[in-house]
Amino acid sequence: MQLTSLSWMPHRPCLLLKFPNVNVLLDCAVNLETLSTFLPCTIVPSSRLEALSFPRSWGIDYLKKLNDQLFVEGFPEVQPASLHTIAVDAIDIVLVSNWMSLVGLPFITERPDFRGVVYATEPTIQLGRLVMEELNDFFEGIDRDPIDDRWRADEIWRAFPNAPKTNPKEWKKFYNKKQLDNCLKKVVGISYSETIVINGAIRFTAYSSGFAIGSANWLIETETEKIGYLSASSSRTSHAKPAQWDKLKRMDSLILTSLSRIPESSPNEAVSGLFKEVVETLRARGNVLLPIAPTGILYDLFEYMIQQVDQISRDIPVYFISPIAKSALEYANIYAEWLSDIKSNKVYKPEEPFAHSEFVKGNRLRVYENIHGNFSREYKTPCVVFTGHPCLRIGNVVHFLEMWGNDPKNVVILTDPDYPPEEVYGPYNNLQIKCKYFPIETKLDYTQVPLILQDLEPKLLMLPEQYTKPVKGVSGRDLVVAYKPQITFKHGETLSMPISGKRKRVLIDPDMLKEMNVKGAKDNDDHGVCAIRGFLSAYDNKLELISLARANEKATLPRVFPKLVGSLTAEDLIKTLKKKSITAEIIKNIIGESIVVKIPRLEAQVTISADGQKSRISCKHSENRKILHGAITQCLNKL
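Note on numbering: residues in each chain are counted from 1, in written sequence order. Given that the model is predicted, a residue must reach a pLDDT of at least 70 before its local features are reported, and side-chain atom pairs must reach 80 or more before they are shown or counted; all residues, however, enter totals for whole chains, interfaces and linings. Excluded from the side-chain calculations are hydrogens and water; all other atoms, namely the structure's heavy atoms, are used.

Another aspect to go through is the environment of Val131. Helix and strand assignments follow DSSP, with helices taken as H or I runs no shorter than four residues and strands as E runs no shorter than two, numbered in order from the N terminus. Along the chain, the position of Val131 falls in helix H4 (residues 122–140). A C-alpha to C-alpha distance of 16 Å links Val131 and Leu392, two positions 261 residues apart in sequence. What Val131 contacts, discounting residues up to four positions off in sequence, is Trp99, Val103, Pro294 and Thr295. Should any heavy atoms of two residues lie within 4.5 Å, those residues are considered in contact.

This part covers the UniProt feature "domain: Beta-Casp" (unreviewed entry) in the protein. With numbering aligned to this structure, UniProt lists the feature "domain: Beta-Casp" (unreviewed entry) at residues 297–424. Within the segment residues 297–424, helix and strand shares are 41% and 12% respectively, and the terminal C-alpha atoms sit 20 Å apart. UniProt positions are given in the numbering used here, feature names are shortened, and annotations may be inferred rather than shown by experiment.

A word on unusual backbone geometry. With an omega of -5 degrees, the peptide bond running from Thr381 to Pro382 counts as cis. As for its position among the elements, Pro382 is in the loop between helix H12 (374–378) and strand S19 (384–387). The residue after Lys484, namely Pro485, is reached through a cis peptide bond having omega -5 degrees. Residue position: Pro485 is located in the loop between strand S24 (478–479) and strand S25 (486–489). In this structure, Glu457 is a non-glycine residue whose phi angle is positive, near 50 degrees. Tracing the chain through its elements places Glu457 in the loop between helix H15 (449–456) and strand S22 (461–464). One non-glycine residue, Ser581, adopts positive backbone phi at about 65 degrees.

Turning our eyes to something else, we now look at the pattern of salt bridges. Oppositely charged side chains can form a pair if their charged atoms are brought close together. Any carboxyl oxygen of Asp or Glu that lies within 4 Å of a side-chain nitrogen of Lys or Arg is treated as forming a salt bridge with it. Inspection of every chain in the model, using the stated rule, returns 28 salt bridges. A salt bridge links Asp181 to Lys177; the shortest N-O distance between them is 3.0 Å. Here Asp181 pairs with Lys177, and both are found in helix H6 (residues 177–184), just four residues apart, close to one helical turn. A 1.4 Å probe rolled over the protein chains alone gives each residue an accessible area, and that area as a share of the maximum for its type sets the label: buried under 20%, exposed over 50%, partly exposed in between. Residue Asp181 is classed as partly exposed on the basis of its relative accessible area, which comes to 24%. The shortest N-O distance in the salt bridge between Lys626 and Glu623 comes to 3.6 Å. One end of the pair is Lys626 and the other is Glu623, both in helix H19 (residues 622–635) and three residues apart, which spans about a single turn.

As a further point, take the packing of H4 against helix H9 (residues 325–334). At a minimum axis separation of 10 Å, H4 and H9 run at an interaxial angle of 165 degrees. The angle between the axes of H4 and H9 places the two elements in the roughly antiparallel class. For H4 against H9, the interelement crossing comes out left-handed. In this structure, H4 uses Gln126, Leu127 and Leu130 to contact H9, whose residues at the interface are Ser327, Ala328 and Tyr331. For the contact of H4 with H9, the residue count by class is four nonpolar, two polar and no charged. Lines fitted to C-alpha atoms define the axes here, with helix axes fitted over just the stretch in contact, and angles between the N-to-C directions of these axes take values from 0 to 180 degrees. Under this scheme an angle from 65 to 115 degrees is roughly perpendicular, one under 35 degrees roughly parallel, and one over 145 degrees roughly antiparallel; angles in between are oblique. Each crossing is labelled by how the near helix is turned from the far one, with a counterclockwise turn of less than a right angle marking it left-handed and a clockwise turn marking it right-handed. Residues were grouped as follows: Ala, Val, Leu, Ile, Met, Phe, Trp, Tyr, Cys and Pro as nonpolar; Asp, Glu, Lys and Arg as charged; and all remaining residues, including Gly, as polar.

Now for the side chain of Ser340. Mapped onto the fold, Ser340 is located in the loop between H9 and helix H10 (341–344). Overall, the relative accessible area of 9% leaves Ser340 in the buried class. When neighbours within four sequence positions are excluded, Ser340 is seen to be in contact with Ser238, His239, Ala240, Lys241 and Pro242.

Shown next, in the form of structure tokens:
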């Protein structure tokens, strides 16, 4: 087995797990931090941004100087996981752990060479869809002239005072609505504790990770191995179903990712500081702007926010503005079985799990799709506004920052740890509006991980290299993940995972069991040997020993193939298929040094590995499989 990291961000994982007969992609990273390189996209013209100058030395007029930083006045781009080192059509399964990971999925599934199947829990699919639709709406609303690629030259972008952390040559435009819809058609919804068997070779099961509604950790099993995968997880009390840690105990290997970006996080303190700032601002007749994603912690903040605001005045409106606002609120209340016991038990009273429906009915929470139409007529201040996007480059938040920016009584409060002010607030540093940062981070932090690992007791821990390097906590002490034994990985690196055994499970015909006379060794009666005679059937990764009697009775028994020797090459296979008037092409797979031969007419592919000593046919149609098996047989020698 091999593990390859395709993501440069440990908190946004994308891992390729290669088994002998199945390739599994764990999550789909997409880097939205790249948006910080671009100038904010305003809904209405901004005289402040239109008056910016550009650096004369480069002569690139779409590079704008603002607050001692440089920004690109072009269409914003994101960075998907780096897939250039793998054959995408060799990916059999994609496991999506949470709504954040789903956002990056179309960059994989909408490639013409993708052939795999995607699995995620139903809430992850629906809530992730809403986040994707909101982003898509924001991007489609951007009106900017096309620009050239001169700024992507290394000597230019690296010279930015606020230089990007990754190479802009790897960035891409966001997907469109058609690609979004096509992608989600390929996702299969599953439930917690539901086990899926793939090719008869591996089984995987989703268990609650405690981070968000429908978020999952995964148990992946072969005949001899148990592998646990920890994605974004939380052991804190929230509205989501608690993490099912007991299902991942004593794994042969445990893959750890997605730890908190704040080494010692305290979400309770952050929430306390946030509401204190809200109360002070509203009492001073200022407005509160909260850039936030349309799901997740938002549901809890609504309830507490309105309680705080009501202590000042019930006349102060709380707005939620998003193109998918209504759907986001409705979906949260229909997934009761995916919530904590406190929330889910309300259904039986009967009450709705979240209070925001009552707030909407009572006009305490006012919901709008955009800032036009009804909102522009009904809007009044002071107020609290929840809107997107927390990157502060796209969405309605840009409009409010420009509109409220010159009044020091107003405040913008950043709560998303993925978008800290030092990375996103650069274009607004010269505004008078206050900027406060209260990161609400509920994922596992460095102080919680040792306790979790002590309870899970994995035989081997696999984790990003960054987590083993000391980081400073709030207390000033160095924090690391020090569990032993451990293996670290980094972006682009392929690791061989230790295998505890190479035995294969074989089904034995009951008639053969009657005839078996197993004799144990003198010094070890636990193991025995005996001679057997029959047929070994190998199909779809299932091995079965069939008795001679059954073989004589059944005419449908697969014929016995001759023993073959030699090395299979892609060139020989393509030549053999060509004689049958079947066209094939080679796709090289750098990772694992395997070669994939694609046969479009047969809707199949053959993966050749181990220097031609091993081949795997992937094909849905049994007749086409027989054709390929015959072609491979012709390329080898019979004993």
